[in-house]
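# Chains, contacts and geometry: an overview
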Amino acid sequence: MPTYEYACDACDHRFELFQSITADPIKQCPQCGKRKVRRLIGAGAAIVFKGSGFYKTDYRSDSYKKAAEAEKKSTASATSSTKESKTSGDKPTAAC
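Described below are features of the structure shown in this document. (Residues numbered from 1 in each chain as written. Predicted model: local features only at pLDDT ≥ 70, side-chain atom pairs only at ≥ 80, totals over all residues. Heavy atoms only, no water.)

## Comments concerning the overall build of the protein chain
Counting its regular elements, the protein chain contains 2 helices and 3 strands. Taken from N to C terminus, the helices and strands of the protein chain fall in the order β-β-β-α-α. The buried share among the 96 residues of the protein chain stands at 10%. Once local pairs closer than 6 in sequence are excluded, the contacts in the protein chain between residues at least 24 apart make up 27%. Approximately 8,600 Å² of the protein chain is accessible, and the part contributed by carbon and sulfur atoms is 54%. (Helix = DSSP H or I, 4+ residues; strand = E, 2+ residues; numbered from the N terminus. Buried < 20%, exposed > 50% of the residue type's maximum accessible area, 1.4 Å probe, protein only. Contact = heavy atoms within 4.5 Å. Areas by Shrake-Rupley, 256 points an atom, 1.4 Å probe, with all protein chains shown as cover.)

Shown next as structure tokens:
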């Protein structure tokens, strides 16, 4: 549920109210009692980081890093051996 900011045009009282999105805006000022309250347009919600730390979930685990490194090495060695066999000078013989 959002927090809305209100201002009273009669007494210049500014306050915030935590209410449902579907709730109607209030009309009566809690300080002076006059029906001159208007809802202000706010800047919106800020980023809120909750929990034990956002960095712990954003980075990969050590086991993932090790597996990725091993896969990278095996891929590199497979492509280098393929290049060596193509450049070794072996030419296919034409069948007669």
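Back to the write-up after that little detour.
## Looking at the sheet that holds strand β3 (residues 37-39)
The 3 strands lie next to each other as β2-β1-β3, forming an open sheet whose pairing is antiparallel. The two strands at the open ends of the sheet, each matched to only one other strand, are β2 (14-18) and β3. With direction set aside, neighbouring strand axes in the sheet form an average angle of 35 degrees. Looking at chain direction, strand β1 (residues 3-8) and β3 are connected through 3 bridges and run antiparallel. Opposite Tyr6, over in β3, you have Arg39 as the bridge partner. (Pairing = 2+ DSSP bridges. Axes fitted to C-alpha atoms, helices over the stretch in contact; angles between N-to-C directions.)

## Quick word on the state of the cysteines
Here a disulfide denotes a covalent bond joining the sulfur atom of one cysteine to the sulfur atom of another. A complete count under the given rule lists 0 disulfides for this structure. Residue Cys8 stays outside any disulfide, its sulfur separated by 3.6 Å from that of Cys11, the closest cysteine. You can call Cys8 buried: its relative accessible area is 2%. Unpaired in this structure, Cys32 has its nearest cysteine sulfur neighbour in Cys8, at a distance of 3.7 Å. Relative accessible area serves as the criterion here: at 33%, Cys32 is assigned to the partly exposed category. (Disulfide = S-S within 2.5 Å.)

## Let's talk about the packing of aromatic side chains
Within this structure, the stated rule accounts for 1 aromatic pair. Ring geometry for Tyr6 versus Phe15: centroids 5.5 Å apart, planes at 15 degrees, classification stacked. Each member of the pair, Tyr6 as well as Phe15, carries the same accessibility label: buried. (Phe/Tyr/Trp six-rings, centres within 6.5 Å; stacked < 30°, edge-to-face > 60°.)

## A look at the nonpolar core
One finds Tyr4, Tyr6, Cys8, Phe15, Cys29 and Val37 forming the largest nonpolar core, which totals 6 residues. At 3 residues, the largest contribution of residues to this core is made by β1. Setting aside anything within four residues of it in sequence, one finds Cys29 in contact with Cys8, Cys11, His13, Lys34 and Val37. (Core = buried A, V, L, I, M, F, W, Y, C linked by side-chain atoms within 4.5 Å.)

Everything listed is a geometric property; what it means functionally is a separate question.
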